[in-house]
Amino acid sequence: MKKSIALLGTALLLAGCQTDVPQSVADSQVPPSPAIKRELVRILKETNGTIGDFVDPQISSVVLLEPETKTYAFCIRAWHTQRKHFPDVIGFSFRGDTLLGGTNSEPRCRDKRLRYYPYPELKAVRGLR
């Protein structure tokens, strides 16, 4: 799983040289489903992921990233309690019910056209060890 995330992160990093997503991707936005929200929380709990201390977690709309492979993406952003002026962002991609991986500081997550929604469920995994 770590190798898959690293490979995906590298691919997204290389593809992430552009700061804006294409208009067709921005137009494909739909609110995140409850299943997506639950799945991310479940994975973080199962892997004992530590995501630190933050406030106001948010989840973005889901966008169609690659139509040919039916790969979708969404972002998470939250303000760290020590750095309240600039939120941390992580971009995630998934296909079907499988989360493919995530990329820290994904530039596409800062696109102004991307809509964000409150994500209080994420607070349940803060500081897990």
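Residues numbered from 1 in each chain as written. Predicted model: local features only at pLDDT ≥ 70, side-chain atom pairs only at ≥ 80, totals over all residues. Heavy atoms only, no water.

Peer 1: How do you make sense of the packing of aromatic side chains when you look at a structure like this?
Peer 2: Ring pairs (aromatic) are described by centroid distance and by the angle formed between their planes. Applying the stated rule across the entire model yields three aromatic pairs. Measuring from centroid to centroid gives 5.4 Å for Phe74 and Phe92, while their planes differ by 20 degrees, and the two rings are stacked. Taken together, the residues Phe74 in strand β3 (residues 71–80) and Phe92 in strand β4 (residues 83–95) connect sequence positions 18 residues apart. The pair formed by Phe74 and Phe92 is uniform in burial state, with each residue classed as buried. Residues Phe74 and Phe94 carry aromatic rings whose centres are separated by 6.0 Å and whose planes lie at 55 degrees to one another, so their mutual orientation is tilted. With a gap of 20 residues between them, Phe74 in strand β3 and Phe94 in strand β4 connect regions that are remote in the sequence. Here Phe74 and Phe94 have matching classes, each one buried. These aromatic residues form a ring-pair network of at least three members: Tyr72, Phe74, Phe92 and Phe94. The ring centre of Tyr116 lies 3.8 Å from the NZ or CZ of Arg77, which sits over that ring. (Phe/Tyr/Trp six-rings, centres within 6.5 Å; stacked < 30°, edge-to-face > 60°. Helix = DSSP H or I, 4+ residues; strand = E, 2+ residues; numbered from the N terminus. Buried < 20%, exposed > 50% of the residue type's maximum accessible area, 1.4 Å probe, protein only. Lys NZ or Arg CZ within 6 Å of the ring centre and 35° of its normal.)

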